[in-house]
Amino acid sequence: MEFVPQVAEPAPRVHLLVVDADQAIRSACAEIASSLGYAVESTGDMSQARALLRGRAADIVLVNLPYGSSSGVDLVAEVKKLYPDTSVIAMTASASVNAAVEAMRSGAADYLTKPFAVDELSTVLDRAARGHRNDAETRVLRERLRLSEGLGSMIGRSPEMEKLYRILSKVAQSSHPVLILGESGTGKELVARTIHAYGPNANKPFLPVDCGSFVPTLIESELFGYVKGAFTGANHSKDGLLVSAENGTVFLDEIGELSLDLQAKLLRALQEKEVRPVGATHCVPVKARIVAATNRDLAAMVEKGAFRKDLFYRLNVVNLRLPALRDRREDIPLLAAHFLDRLSGGHGIKFTFTDEVLRTMMRYDWPGNVRELEHAIERACALASGPALRLGDLPTQLQQRGLENDLEARQAAHGDAAQSASAIPIKTLAEIERETILDTIRRLKGDKLQAARLLGIGKTTLYRKLKEYGIADPMAK
């Protein structure tokens, strides 16, 4: 896994197509965009615009929506259908707010209300260009990382994981105890299995035991075994895991949950290489490698007297600390692709991620780490209505993160414009929809049924939206 530095190539210019029958506005937009570094084409004819797009799909289309005509909205819908990666910005006159709403519904990413300032045009174009570049980089990264590999069943190529692989390749060849530290969901058992699989006794048993899921008496009998008649129900003798491993590996998960009494017995077993089964008067030799793991701070527990210092040092011969997923974000697309491929095979559907989902996953902190990522993708596949997984298919906390990302991006993009006295405030889609509904009802003298028909929505939907927007009397000023 050698890292080969590459010389950065200059970013390609963003291709912009301006469509507006008004020669003055079209020329002004093209000139401003060219001065900002865009590769610009322009036309005043919708048919010619379609011909230009067939020759080369534009990265951004800036299209005017003529008042009283659906030609602009039709072009928006056609562009998004044929070229879903193209960003569309609609331009409208102040009297055609309803057309702007329709354009946004058809797939336009943003809009400008004429007349607009140079700074406003620059801000909207910059926001669209950044989104286009981010989406393109995400797609390239996704395809490149899908072909990458980790170590054994472990996945990741971040610097943190590369360091872990180097240590594991050495640790696996020894027989020393290993202590794996890390948050829940970081893959501690997977690391333990990798150590075993790459060791000299890979053909021997790997025996995991969760120290936090049994009462102390059961853990003792699991680890050390018992003889017939040692307790009620012990109808026959049974070897413990430390004996039945037979030169294999015993993985003690959540070692911090062991009682002090059991800690003492485990320490003796590690030191003397023998155990005394429950109810027995004799000892049995053991040949097993111990790999322990915990998400707790054992050093702090030692200071408080909750964990034996001598056992801590005995287990801590080799210490591996696993990074949290938020500390190796570059591995998220690779892990996500791995889980998605596995789930696609199980469902018989070739699932894919939308760019919005990938961006959200990259920015989410993943408190549950890799386990949470796997469960989130599994849920999305179970709820998806098609092969493309969308933001709405993800768990609620990720949907919220996606909405916050979008809000933060818009606030950052509008930061300079909001401080400029010449900047025109941009209304939200909800505000535009509210104004459109009110304006339509008032023009029709309060006829809500006719208003619903003209707006292209059902009467029930109209009443629901009036309630959502807190409009008790649409005719009131």
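Everything in this summary refers to the structure shown in the same document.

Each value, and the rule that gives it
Residues numbered from 1 in each chain as written. Predicted model: local features only at pLDDT ≥ 70, side-chain atom pairs only at ≥ 80, totals over all residues. Heavy atoms only, no water. Core = buried A, V, L, I, M, F, W, Y, C linked by side-chain atoms within 4.5 Å. Buried < 20%, exposed > 50% of the residue type's maximum accessible area, 1.4 Å probe, protein only. Helix = DSSP H or I, 4+ residues; strand = E, 2+ residues; numbered from the N terminus. Contact = heavy atoms within 4.5 Å. Pairing = 2+ DSSP bridges. Axes fitted to C-alpha atoms, helices over the stretch in contact; angles between N-to-C directions. Salt bridge = Lys/Arg side-chain N within 4 Å of Asp/Glu carboxyl O. Phe/Tyr/Trp six-rings, centres within 6.5 Å; stacked < 30°, edge-to-face > 60°. Patch = residues over 30% accessible without salt bridge, like charges linked within 9 Å, V, L, I, M, F, W, Y side chains within 5 Å. Areas by Shrake-Rupley, 256 points an atom, 1.4 Å probe, with all protein chains shown as cover. Parallel < 35°, antiparallel > 145°, perpendicular 65-115°, else oblique. Left-handed = near helix turned anticlockwise from the far one by under 90°. Nonpolar A, V, L, I, M, F, W, Y, C, P; charged D, E, K, R; others polar.

## Considering the nonpolar core
Phase 1: Of all hydrophobic cores here, the largest spans 33 residues; its most connected members are Leu242, Leu252, Ile255, Leu266, Val275, Phe307 and Leu315.
Phase 2: With five residues, the top contributor of residues to this core is helix 10 (residues 260–272).
Phase 3: With near-sequence residues (within four places) excluded, Leu242 lies in contact with Leu223, Phe224, Val250, Leu266, Ala269, Val275, Val286, Lys287, Ala288 and Ile290.
Phase 4: Ala336, Leu358, Cys381 and Leu391 belong to the second largest nonpolar core, which has 27 residues in total.

## Describing the pairing of strand 6 (residues 178–181)
Phase 1: Burial of strand 6 is two-sided: the residues Val178 and Ile180 facing one way and the residues Leu179 and Leu181 facing the other way are all buried.
Phase 2: Both strand 6 and strand 13 (residues 289–294) contribute to a ladder of four bridges, which runs parallel. Bridging from a neighbouring strand, Ile180 pairs with Ala293 of strand 13.
Phase 3: Here strand 6 runs beside strand 14 (residues 318–321); their pairing, made up of four bridges, is parallel. Its bridge partner lying in strand 14, Leu179 is registered against Asn319.

## Quick notes on the sheet that holds strand 6
Phase 1: If you trace the five strands from one edge of the open sheet to the other, you get 7-10-13-6-14, paired in parallel fashion. Each end of this open sheet is capped by a strand with a single partner; those strands are strand 7 (206–210) and strand 14. Averaged over all pairs of adjacent strands, the angle between strand axes in this sheet comes to 20°, irrespective of strand direction.

## What about the pattern of salt bridges?
Phase 1: Under the criterion given, the structure shown has 15 salt bridges.
Phase 2: Of the charged contacts in the structure, one is a salt bridge between Arg127 and Asp110, with a shortest N-O distance of 2.1 Å. Of the two residues, Arg127 sits in helix 5 (residues 118–146) while Asp110 sits in strand 5 (residues 110–114), which places them 17 residues apart along the sequence.
Phase 3: Of the charged contacts in the structure, one is a salt bridge between Glu374 and Arg342, with a shortest N-O distance of 2.3 Å. Here Arg342 lies in helix 13 (residues 332–347) and Glu374 lies in helix 15 (residues 369–383), a separation of 32 residues in the sequence.

## Here's the deal with the sheet that holds strand 4 (residues 87–93)
Phase 1: Spatially, 2-1-3-4-5 is the arrangement adopted by the five strands of the open sheet, whose pairing is parallel. Looking along the sheet, the strands with just one partner apiece sit at the ends: strand 2 (39–43) and strand 5. Averaged over all adjacent pairs, the angle separating strand axes in this sheet is 15°, with direction ignored.
Phase 2: For strand 4 and strand 5, the ladder comprises five bridges, and the chain directions are parallel. If you follow Ile89 over to strand 5, its bridge partner there is Asp110.

## Things to note about the packing of aromatic side chains
Phase 1: In the structure shown here, the tally under the stated rule is four aromatic pairs.
Phase 2: A centroid spacing of 6.1 Å and a plane angle of 20° characterise the contact between Phe206 and Phe251, whose relative ring orientation is stacked. Of this pair, Phe206 sits in strand 7 while Phe251 is found in strand 10 (residues 249–253), placing the two residues 45 residues apart along the sequence. For the residue pair Phe206 and Phe251, the accessibility class agrees, reading buried in each case.
Phase 3: Here the aromatic rings of Tyr364 and Trp366 are separated by 4.7 Å at their centres, their planes lie at 85°, and the arrangement is edge-to-face.
Phase 4: With a relative accessible area of 0%, Trp366 lands in the buried category.

## Things to note about a nonpolar patch on the surface
Phase 1: Together, Phe214, Val215 and Leu218 make up an exposed nonpolar region whose accessible area comes to about 250 Å².
Phase 2: Tracing the backbone shows Val215 in the loop between strand 7 and helix 8 (216–224).
Phase 3: Residue classification places Val215 among the partly exposed positions, given a relative accessible area of 46%.

## Description of unusual backbone geometry
Comment: phi is negative for the bulk of residues other than glycine, and the bulk of peptide bonds are trans.
Phase 1: Looking along the chain, the bond that leaves Lys114 and enters Pro115 is cis, with omega of -5°.
Phase 2: Locating Pro115 in the fold gives a position in the loop between strand 5 and helix 5.
Phase 3: Of note in this structure, Trp366 is not a glycine but carries a positive phi near 50°.
Phase 4: Tracing the backbone through its elements, the reader meets Trp366 in the loop between helix 14 (355–363) and helix 15.

## Concerning the packing of helix 13 against helix 15
Phase 1: Contact geometry for helix 13 and helix 15: axes closest at 10 Å, N-to-C directions at 40°. Our classification of the angle between helix 13 and helix 15 gives oblique. Relative to helix 15, the crossing made by helix 13 is right-handed. Here helix 13 contributes Ile332, Leu335, Ala336, Phe339, Leu340, Arg342, Leu343 and His347 to the contact with helix 15, which in turn contributes Val370, Leu373, Glu374, Ile377, Glu378 and Cys381.
Phase 2: Residues that form the contact of helix 13 with helix 15 fall into these classes: ten nonpolar, one polar and three charged.

## Side note on the environment of Leu242
Phase 1: If you trace the backbone, Leu242 turns up in helix 9 (residues 241–244).
Phase 2: Taking the C-alpha atoms as reference points, Leu242 and Leu266, separated by 24 residues in sequence, lie 9.9 Å from one another.

## Some words on the environment of Pro208
Phase 1: Along the chain, Pro208 falls in strand 7.
Phase 2: We classify Pro208 as partly exposed; its relative accessible area is 38%.
Phase 3: Sequence separation between Pro208 and Ala292 is 84 residues; the distance between their C-alpha atoms is 9.6 Å.
Phase 4: Discounting chain neighbours no more than four positions away, the residues touching Pro208 are Glu189, Arg193, Leu241 and Phe251.

Interpretation in functional terms is not warranted from these geometric data alone.
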